[in-house]
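Notes for the structure review
Below are the chains, spelled out letter by letter.
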Amino acid sequence: MKQFFNIINGKEVKSSKTFLSRNSSNLSDVIGEFPIADKDQLRDACRAARAAFTVWGKTPAPIRGEVIGNIGRAIAREKETLSQLLSREMGKTLKEARGDVQEAIDTCYFFQSEGRRLYGQTVPSEMRNKELTTYRRPIGVVGIVTAGNFPVAVPSWKIIPALITGNTIVWKPSEDSPATSYAFSKLLEEGGLPDGVLNVVFGLGADSTGAELVELMDEGLLNKFAFTGSTSVGRKIGEIAGRNLMHPTLELGGKNPLVVMRDADLENAVSGALWASFGTGGQRCTSAGNIILDAPIYEEFKQMFLERVKAITIGDPIEQDGVLYGPFINERMYNTWLEHYDWGKADGAVLLHGTGRITKDAPFAGFKGDPSLAFFGSPTVWEAKRGMKIFQTEVFGPTINLVKVDGIEEAIETANAVDFGLSSAIYTNDRQWAHSFKDAIQAGMTSINNSTTGAEAHMPFGGIKGSGNGTRESGIWVLDGYTYWHGVNDDVSGKLQLAQMDTEYPHARAAFDVSSLTK
Ligand code: NAD
């Protein structure tokens, strides 16, 4: 079996405890054995990152940009093999895996040139012979913990901006995708990162490496924390960061609304809704949670949608052709998904489609292959109402609720009636309704006539309410997460001059009364 190691200060480091990574579509296929880094190893990694910061933080940003460009080209060269590994390990289709990897390439190319900007400002002073300037400064050592559903794109959204701005990193990738993360880390190293700039520590989450890395904020070994994962873990990280006066990056869960109005192009809306609900088996933070349907098209949409649901193809995305979605990423996610059937029944929601796990005894017509090799879920559709637990809670699996409303106002109210605010979508051709939705929806991202999913490397990504703390990934907006502003006053007057106190405020002249002209 292939053995993998932590990467600390440029060296491969073993740990005494280990875990296995498996092919999500065939659990008997072991990909490799990975270390569970202990707390002392995490401290070593943080100290290595601290030492490397003194050099990397002072390296000219355009030179750091050259390294980022090298990384982008290395990932582009390995795009196909990395995508194959990602698909095998995590279970998304190859088309999606290629998109996941491409997002990291795009991120590198965007931030390579940011190394030649990272602009500060020159600001006029109220005093003579004094210059004011601002600089973006790196924060220091960044602890990063990521989820496994986007094993390349999501870490790249944190690692690449943190690096271009001069920070150094200790990254704990998800236990769901360690081999993909290891391969990605080697391509990051290949780009020319000095030892200690990127340290990678493997392990599990609660009561393991993830939680222990978070605790190092209290030991003063980290200056910043960046996390993508569930809202419950994000809250804990936010609390610990808060007591250390740090502003963490928190990208959390979602329960994203997709609204279809009575005038929408229903074919287009059904396609968007199907993809938003079942693409990646619903295991995207931006997957649709509730499809909110305007009453006049409710029945027609429901029939069209259910026909498409019955025709979905499911299976091992590498072995089988034409698969829309593959397995659950792990057994824990499958178990949580299974539980939601009880929530729906308890609340009186109507189950329109879905039979839980696909097995030989509970088959699904569109399943290809042997369902006993992994955890595959049948596409599940409910008729639900506001306030029900399945309406409120992120299910993170192939499940969607249809919710009936009457008109745009009720549609918006219903879309906002969850504790999350990540992405959102509306299908309508009425400019006024689209505008009202865009204006009133409580979400970090909105699509008009497209699905709730999707991102581009130069657009801000992130949410509000339970979906995050307002930080943004990607584009120019992410730079604020990995830098602080340094304001500099340069006084060349040769004397002590004090703003406000010595400022030559002008004296206004005698008041001019306009009405005197009309008298
Ligand atoms: P999770 O929070 O259980 O795990 C995510 C990461 O955190 C893993 O690396 C895990 O090892 C680690 N972890 C778990 N418990 C921890 C703890 N107590 N302390 C420190 N680290 C811990 O999330 P998950 O169930 O694996 O992933 C799915 C969740 O991630 C969903 O809620 C999804 O919406 C969210 N997600 C959000 C985004 C986004 O950008 N907003 C993107 C992808 C996934």
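Fair warning: this is a prediction, and the values are worked out from it, not measured in the lab.

**Section: the overall build of the protein chain**
- The secondary structure content of the protein chain amounts to 15 helices and 23 strands.
- Taken over C-alpha atoms, the radius of gyration comes to 26 Å for the protein chain, in line with the 24 Å a tight globule of 519 residues would show.
- Counting only C-alpha atoms, the protein chain reaches 90 × 80 × 40 Å along its principal axes.
- The 519 residues of the protein chain split such that 56% are buried.
- When contacts within the protein chain are restricted to residue pairs at least 6 apart in sequence, long-range pairs at least 24 apart make up 74% of them.
- Averaging the positions of the 53 positive and the 62 negative side-chain charges in the protein chain gives two centres separated by 3 Å.

**Observations concerning the site of the ligand**
- In the region of the ligand, 29 residues are neighbours, and K172, E175, S230, L252 and E394 sit closest.
- Here an oxygen atom of the ligand sits 2.8 Å away from a polar atom, N or O, in the main chain of T146.
- Within the side chain of E394, an N or O atom sits 2.6 Å from an oxygen atom of the ligand.
- Burial of the ligand by the surrounding chains reaches 93%, relative to a free accessible area of 850 Å².
- Mapped onto the shell around the ligand, the elements with two or more residues apiece are α7 (209–215), β10 (224–228) and α11 (331–346).
- Here the residues of the shell around the ligand are counted per class, giving 15 nonpolar, 9 polar and 5 charged.
- Residue contributions to the shell around the ligand reach at least three from each of two domains, namely domain 1 (6–252 + 471–484) and domain 2 (256–458).

**Some words on unusual backbone geometry**
- Residues other than glycine seldom take positive phi values, yet N9 does so here, at roughly 55°.
- Position of N9 relative to the elements: it lies in the loop between β1 (6–8) and β2 (11–13).
- In the Ramachandran plot, D207 falls in the positive-phi region, its phi being about 55° despite a non-glycine side chain.
- With respect to the helices and strands, the residue D207 is situated in the loop between β9 (198–200) and α7.

**With respect to helix α10 (residues 298–310)**
- Counted at 1.5 Å a residue, the expected span for α10 with its 13 residues is 18 Å, and the 18 Å between its end C-alpha atoms agrees.
- Three or more residues of α10 are buried, namely Y298, F301, K302, M304, F305, L306 and V309.
- In this structure, the buried residues of α10 make contact with β12 (256–260), α9 (266–278), β13 (288–294), β15 (350–353), β17 (380–383) and β18 (399–405).

**A closer look at the side chain of S24**
- You can see S24 is positioned in the loop between β3 (17–23) and β4 (26–36).
- S24 gets classed as buried once you look at its relative accessible area, which sits at 4%.
- From its side chain, S24 meets the backbone oxygen of E89 in a polar contact 2.6 Å long.
- Discounting residues that sit within four places of it in the chain, S24 has contacts with R88, E89, M90, G91, P327, F328, I329 and A374.

**A few points about the sheet that holds β15**
- One open sheet holds the 7 strands; their spatial order is β15-β17-β18-β13-β12-β20-β21, and the pairing between them is mixed. Unpaired on one side and paired on the other, β15 and β21 (445–448) mark the two borders of the sheet. Between one strand axis and the next, the sheet turns by 20° as a mean value, whatever way the strands run.
- Sheet topology places β12 next to β13; 5 bridges connect them, and they run parallel. Bridging from a neighbouring strand, N256 pairs with A288 of β13.
- Sitting on the sheet, α10 is in contact with β12, β13, β15, β17 and β18, with an inclination near 170° to β18.
- Lying on the sheet, helix α14 (residues 431–440) is in contact with β12, β20 (423–427) and β21; it crosses β20 at an angle near 170°.

**Quick look at the sheet that holds strand β6 (residues 130–138)**
- Spatially, the 3 strands line up as an open sheet ordered β5-β6-β23, and their pairing is antiparallel. Edge positions in the open sheet fall to β5 (122–123) and β23 (483–491), since each of these has one partner strand only.
- Where β6 and β23 come together, 9 bridges link them in antiparallel fashion. Residue pairing for β23: Y135 is matched across the bridge by H486.

**Regarding the domain arrangement of the protein chain**
- Domain annotation of the protein chain identifies domain 1 (6–252 + 471–484) and domain 2 (256–458).
- Each of domain 1 and domain 2 has a C-alpha centre, and the two are 30 Å apart.
- The largest contributions to the domain 1 side of the interface with domain 2 come from S25, E96 and D176, which together make up 23% of the buried area.
- In this structure, the connection of domain 1 to domain 2 is made through 1 salt bridge.
- Of the charged contacts in the structure, one is a salt bridge between E96 and R284, with a shortest N-O distance of 3.4 Å.
- For the pair domain 1 and domain 2, the interface holds 7 residue pairs in polar contact (both at pLDDT 80 or more).
- Among the secondary structure elements, those contributing two or more residues to the side of domain 1 that touches domain 2 are β4, α3 (79–90) and α4 (94–114).
- The leading source of residues in the side of domain 1 that touches domain 2 is α4, at 5 residues.
- For the side of domain 1 that touches domain 2, the per-class residue count stands at 7 nonpolar, 12 polar and 7 charged.

Rules used throughout
- Residues numbered from 1 in each chain as written.
- Predicted model: local features only at pLDDT ≥ 70, side-chain atom pairs only at ≥ 80, totals over all residues.
- Heavy atoms only, no water.
- Helix = DSSP H or I, 4+ residues; strand = E, 2+ residues; numbered from the N terminus.
- Rg over C-alpha atoms; globule rule 2.2 N^0.38 Å.
- Buried < 20%, exposed > 50% of the residue type's maximum accessible area, 1.4 Å probe, protein only.
- Contact = heavy atoms within 4.5 Å.
- Lys, Arg positive; Asp, Glu negative; His and termini not counted.
- Charge placed at Lys NZ, Arg CZ, Asp CG, Glu CD.
- Near = heavy atom within 4 Å.
- Polar contact = N/O pair within 3.5 Å; in protein donor to acceptor, adjacent residues only side chain to side chain.
- Areas by Shrake-Rupley, 256 points an atom, 1.4 Å probe, with all protein chains shown as cover.
- Nonpolar A, V, L, I, M, F, W, Y, C, P; charged D, E, K, R; others polar.
- Domains from an automatic or database assignment.
- Expected span 1.5 Å × (residues − 1).
- Pairing = 2+ DSSP bridges.
- Axes fitted to C-alpha atoms, helices over the stretch in contact; angles between N-to-C directions.
- Buried area = accessible area lost by both parts, 1.4 Å probe.
- Salt bridge = Lys/Arg side-chain N within 4 Å of Asp/Glu carboxyl O.

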